[in-house]
Protein chains: 2
Amino acid sequence: MRTSQYILATLKETPSDAEIISHQLMLRAGMIRKLASGLYTWLPSGLKVLRNVEKIVREEMDNAGAIEMLMPVIQPADLWQESGRWEQFGPELLRITDRNNRPFALGPTHEEVITDFVRKEINSYKQLPITLYQVQTKVRDEVRPRFGVMRAREFTMKDAYSFHLSEECLTQTYQRMHQAYCNIFERLGLDYRPVLADTGSIGGSLSHEFHVLAESGEDAIAFSDASDYAANIEKAEALAPKTERAAPSKELNSFATPEAKTIAELKANHGVKPHRGVKTLIVYGAADENERRGLVALIVRGDHDLNELKAQSHDLVHSPLEMAKEQDIISAIGARPGSLGPVGLNMPVIVDHSAAVMADFVAGANKDGEHYSGINWGRDVTDYVVADIRNVVEGDPSPCGNGSLHIKRGVEVGHIFQLGTKYSESMNAGVLGESGKNQMMSMGCYGIGVSRIVAAAIEQNNDDYGIKWPLALAPFSLAIVPMNMHKSHRIPEIANNLYSEFKKAGIDILFDDRKERPGVMFNDMELLGVPYTLVIGERNLDNNQVELKNRRTGEKRMFSIDDAVTEICALINSQ
Amino acid sequence: MRTSQYILATLKETPSDAEIISHQLMLRAGMIRKLASGLYTWLPSGLKVLRNVEKIVREEMDNAGAIEMLMPVIQPADLWQESGRWEQFGPELLRITDRNNRPFALGPTHEEVITDFVRKEINSYKQLPITLYQVQTKVRDEVRPRFGVMRAREFTMKDAYSFHLSEECLTQTYQRMHQAYCNIFERLGLDYRPVLADTGSIGGSLSHEFHVLAESGEDAIAFSDASDYAANIEKAEALAPKTERAAPSKELNSFATPEAKTIAELKANHGVKPHRGVKTLIVYGAADENERRGLVALIVRGDHDLNELKAQSHDLVHSPLEMAKEQDIISAIGARPGSLGPVGLNMPVIVDHSAAVMADFVAGANKDGEHYSGINWGRDVTDYVVADIRNVVEGDPSPCGNGSLHIKRGVEVGHIFQLGTKYSESMNAGVLGESGKNQMMSMGCYGIGVSRIVAAAIEQNNDDYGIKWPLALAPFSLAIVPMNMHKSHRIPEIANNLYSEFKKAGIDILFDDRKERPGVMFNDMELLGVPYTLVIGERNLDNNQVELKNRRTGEKRMFSIDDAVTEICALINSQ
């Protein structure tokens, strides 16, 4: 491709509404433009990267025995009503009505449509197992679209669905898809981790997320330093401490804390170290048989954070977790948040394992502006249950039993689920089993955020000058930048010749034939992240040489003009 | 691909709701399934055909210098309001509102979005011309979705848009795209015609449709038998007859026709030959300055059909054409349709050229149950205008001046337009011209119905046994059908070996490894339309031979097992 016939659309300034580096660089490199909130046009160079991802995803899906098909974006409401998700999904499901006033949804995912398809087309165990996939435009009406294509309302996803006669067979396919996902991220050249994950609104019994590691990632991931264990922090188990609780050594004492409503203020104004105090969070309890919901207190150590998913999975707690309104707290306790604690609370109390081994600790006294010191479980608080309700932290022992945990940040780009019979049962998707009886199919589903991978890859691969694409993702493998082409005869001639030869050799090449200053051209190629730039300048030509620059390493290497095409093709194709 | 690991989903019975052959065969061959009215899931074999079309379309677009990008399906309403089409487009534009109650459309086409993109990104004449395209899911809320993917509500389209500084430059690109379209249909192996066409709701000054010829096509196309002239019948000019009108030879006479309300009944009950009578159609006239619309009479020869597009383009007639309500006709004329004619009409009368050269003809007397014979223009009707308002018919002289017209039927699969400045003016899309002044861009747009091509190809290529794919479109080039595989040792061994070798050679191959009777397997391969079937049977193996059957010609040919792969690959790759 010649730049003069292309639409490069690079920007010098960073657009003010782009918060994260991938969004900024995708705009600046001319990969995307915003059409409306959460809706993006992919420019030619952006689309090439997207297609590179799609290609590798398709190849690995095919290798894993999955078969490609294509379902509509527009899905009839009745299927979602049948699965129960028409009600459950909330406003992220973009609902529309057609000219005849019939309700439809724009598909954020296709469990309902594929289950309907399979229940009609697959009748016998002999046709199982089968894995079907598609690469498709998905729609999700995000409450707050942001970060460019990272959290868009319209995006490209690969979604696959597998159907089985047994859970064992599902497990086998799940493992094959897990491996296919690893292959995909390997081939894309990304640093990634598969991690244990929560199943969320999709449901099922087992689930892994695939994260591209990047400091800017929205998710925290916990890894063992001595095993393969890795889990999303929302899913990572915090083991109960092995240490015993110390015996009480202090009396319960109240002290005035009018200026200390947080753990930080307690430390600043009263010298209470965070790990010597506790946080008391009041949430709504699970509904009783009359649909009434009381309050429940959750206690974690002052230096720990509540894990909402763990808390809401507790029998006593309403799911999804909902923090109690201040008015409800005042009515029940007589004090405001900031002065709450476990002593004398008239509601169920759930204490995190790590808080439950504390002795002589500090908490609010359930009177505004007052705290207790010297609190001891058993003596001062007798009625409570102990559970794992906090996020793990750096240094916690790994739940696998080996090593301790480190925390890194990641961008979730894939998610696979063992759904079991959740959808087949609600939608009555059975087959004739070997015994001649009807049997519900077991099901797995496997998603990859294709457009999101593009952004995640940039979060992981960038510097002050722009994007540093891994070769497999790059919009172009090689750029030819001739210096002052319009001032010379031999430079355009040699540049044009090299361009033709590289094209003939099948290299995806961008020839910057604009009449721009060299600095402008170099900046654009670096911003766009082209892995190799071939510089053609007068001085090197005098020695019959051209210079190749490696975007990732910065390394420069000379090639004789005669060997340049052969050697550079070999270099690129060897990766 | 092995059939046992595939989802073939062929059907023996023709689904009752499929009216046309392509819809029937796509369902029976397991290419598509209906999800809801006008919404189809593409099964693996259908999707492969769709991808074959996409691939050729992309290659020819790239060859023509167009650059691929991707715009959102969901488009903000304000752009459509800016172009004026939010009002004009009608209910086929599927309008939706997001969670914040903002209005959007699901894009049936992207003139607004691309014009908005280009006006922001292209600022100087130096960046022109540019042609951008995408292959994308489009949505059109059809009033009556039917014929499967032929007229679906969600479909795949390639749409391209070109931008220019001048009309001359637009014409050049238009011609290049015209050629690219010809290349595409050539390569797809389809019998097609580019024809002059009306510009419809897209607008512009010049337009060609591309039709795949098929007897079942919805459109009629007129061709000259002595030149390249071809036009959609709605656009084909009917030349004025060169013959002079004969002098009157009969008196005006009324006769009772209580049982003759149509041309056919006039012939059956009164012996009036259709070309000796006229049809009188009453429509609404163009609005006057007070927005009042009167009635207008349109007169065509009894054996001719009104051309609505020609009629509505007449100054006197309201556009779009609207037939007058019976009550309005009775109020104005005092008679019902079926007894109307030009004599004594108190409204403007437009007479088709062919009707205007008739003498002594028959028409309604504007009294219920009464007709006139012996009507003569000038003598009995003095106030009328003459225009071309009928469809051409077989044998009419070609408007190009050479030869006479033949009529064939076609399926419209492509449509290209010279839009000129229609959108750039309404949306203020200008660039800095060479003179330094702002100048509106000229624009072309170029659509191909990718999913519709699949159906159109089947309409043109089928027989009683199923689909006869041209090789370029086929889901598989070759099928291996082993006879009674489970009863033999050497048949599965040879079949498996051949399968591996063909795969290694890059042939897209389907290995029918089901334990089915040979007849079932042959029927499925014929239904699916695989161009070549390699039959492996005991008797031929005794002679070290296998048999290749050509689906299109029915021809059978023997190959020695040792040469089969080399020779059959050569045969397939030579096409």
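Provided above is the structure to which this section pertains.
A quick note: this is a predicted structure, and the numbers were derived from the prediction, not measured. Residue numbers here run from 1 along each chain, matching the order of that chain's written sequence. Chains carry letters from A onward and ligands carry numbers from 1 onward, assigned in written order. Given that this is a predicted model, residues contribute local features only at a pLDDT of at least 70 and side-chain atom pairs are listed and counted only at 80 or more, while totals for whole chains, interfaces and linings are drawn from all residues. Calculated side-chain values reflect all of the structure's heavy atoms, with hydrogen atoms and water omitted.

A. Spotlight on empty space enclosed by the protein. Two kinds of site are reported from a 1 Å grid over the protein atoms alone, namely cavities, where a 1.4 Å probe fits but cannot get out, and pockets, open sets with protein on both sides within 12 Å along at least five of seven lines, and residues are called lining when an atom falls within 4 Å of a point. Grid points are joined across faces, edges and corners, and a volume is the space filled by probe spheres set on the points. Enumeration over the complete set of coordinates arrives at 5 cavities of 30 Å³ or more. Size it by volume and the largest cavity reaches roughly 120 Å³. Forming the walls of the largest cavity are Leu70(A), Met71(A), Pro72(A), Val73(A), Gln136(A), Leu39(B), Tyr40(B), Trp42(B), Thr137(B), Glu154(B), Phe155(B) and Thr156(B). Under the scheme applied, nonpolar residues are Ala, Val, Leu, Ile, Met, Phe, Trp, Tyr, Cys and Pro; charged residues are Asp, Glu, Lys and Arg; polar residues are all the others, including Gly. Classifying every residue of the lining of the largest cavity gives 8 nonpolar, 3 polar and 1 charged. In this structure, the second largest cavity is lined by Phe522(B), Met525(B), Glu526(B), Val530(B), Thr533(B), Lys549(B), Asn550(B) and Arg551(B). Secondary structure is summarised from DSSP: a helix means a run of H or I of at least four residues, a strand means a run of E of at least two, and numbering begins at the N terminus for each. When residues of the lining of the second largest cavity are traced back to their parent elements, those giving at least two are α14 (518-528) and β29 (545-550) of chain B. When residues of the lining of the second largest cavity are assigned to their parent elements, the largest contribution, 3 residues, is made by α14(B).

B. Looking closely at helix α13 (residues 490-504) of chain B. The terminal C-alpha atoms of α13(B) lie 21 Å apart, and with 15 residues this matches the ideal 21 Å at 1.5 Å per residue to within 8%. Following α13(B) by one or two positions, Gly506(B) has its phi on the positive side, about 85°. A helix is expected to span 1.5 Å multiplied by its residue count minus one.

C. Up close: the relation of the copies chain B and chain A. Least squares is the method for superposing the copies, and the C-alpha atoms it fits come from residues with pLDDT of at least 70 in both. Each copy of the sequence occupies a distinct position, and chain B is placed on chain A by a rotation of 180° and an axial shift of 0.1 Å, giving an RMSD of 0.1 Å. Here the copies are linked by what is in effect a two-fold axis. No C-alpha of chain B approaches the rotation axis more nearly than that of Ile96(B), which lies at 2.9 Å. Same-surface contact between copies: 100% of interface residues of chain B are shared with the interface of chain A. Working rule for contacts: check all heavy atoms of both residues, and any pair within 4.5 Å makes them a contact.

D. Spatial organisation of the interface of chain B and chain A. Between chain B and chain A, the residue contacts involve 51 residues of the former and 51 residues of the latter. Area buried by chain B at its contact with chain A is led by Leu35(B), Leu70(B) and Arg99(B), which between them contribute 16% of it. One side-chain nitrogen of Lys or Arg within 4 Å of one carboxyl oxygen of Asp or Glu is enough to make a salt bridge. Where chain B touches chain A, the interface holds 6 salt bridges. The closest approach of N and O atoms between Glu68(B) and Arg51(A), which form a salt bridge, is 2.9 Å. Here a polar contact is taken to be a pair of N or O atoms separated by no more than 3.5 Å, where protein atoms must pair a possible hydrogen donor with a possible acceptor and residues adjacent in sequence count only if both atoms sit in side chains. Applying the counting rule to chain B against chain A returns 14 residue pairs in polar contact (both at pLDDT 80 or more). Looking at which element gives the most residues to the side of chain B that touches chain A, the answer is helix α2 (residues 44-63) of chain B, with 5 residues. Of the residues belonging to the side of chain B that touches chain A, the class tally is 33 nonpolar, 5 polar and 13 charged. Summed over both partners, the accessible surface that disappears when two parts come together, traced with a 1.4 Å probe, is what is meant by buried area.

E. Examining the side chain of Thr115(A) more closely. By the element assignment, Thr115(A) lies in helix α5 (residues 111-121). In this view, Thr115(A) contacts Phe163(A), Tyr423(A), Ser424(A), Met427(A), Ala429(A) and Met443(A); residues no more than four positions away in its chain are not counted.

F. Geometry of the pairing of strand β8 (residues 154-164) of chain B. All names here are of chain B. Of all 11 residues making up β8, 11 are buried, and the element is well covered by its neighbours. Accessible area is worked out with a 1.4 Å probe on protein chains only. A residue is then buried under 20% of its type maximum, exposed over 50%, and partly exposed in between. Going residue by residue along β8, you find Glu154, Thr156, Lys158, Ala160, Ser162 and His164 tucked away on one face and Phe155, Met157, Asp159, Tyr161 and Phe163 tucked away on the opposite face as well. Inspection of the sheet shows strand β7 (residues 130-139) paired to β8 by 10 bridges, in the antiparallel sense. Following the sheet pairing, lysine 138 is matched in β8 by phenylalanine 155. Bridge count between β8 and strand β23 (residues 442-449): 8 bridges; the pairing is antiparallel. Only strands joined by at least two bridges in the DSSP assignment are considered to pair.

G. Structural detail: the packing of aromatic side chains. Stacked, tilted and edge-to-face are the three classes applied to pairs of Phe, Tyr and Trp rings, where Trp contributes its six-membered ring and a pair requires centres within 6.5 Å; stacked means planes under 30 degrees apart, edge-to-face means over 60, and tilted covers the rest. Taken as a whole, this structure holds 18 aromatic pairs over all chains when the rule is applied. On the numbers, 5.1 Å between centres and 50° between planes, the contact of Tyr181(A) with Phe210(A) is tilted. Of this pair, Tyr181(A) sits in helix α6 (residues 167-188) while Phe210(A) sits in strand β10 (residues 206-213), and the two are 29 residues apart along the sequence. Like Phe210(A), Tyr181(A) is buried. A centroid spacing of 5.5 Å and a plane angle of 90° characterise the contact between Trp80(B) and Phe89(B), whose relative ring orientation is edge-to-face.

H. Quick peek at the pattern of salt bridges. Residue and element names in this part refer to chain A. Scanning all chains against the criterion turns up 84 salt bridges over all chains. Across the pair glutamate 59 and lysine 55 runs a salt bridge, and its minimum N-O distance is 3.1 Å. Note that glutamate 59 and lysine 55 are positioned in helix α2 (residues 44-63) at a spacing of 4 residues, about one turn of the helix. For glutamate 59, a relative accessible area of 28% translates into the label partly exposed.

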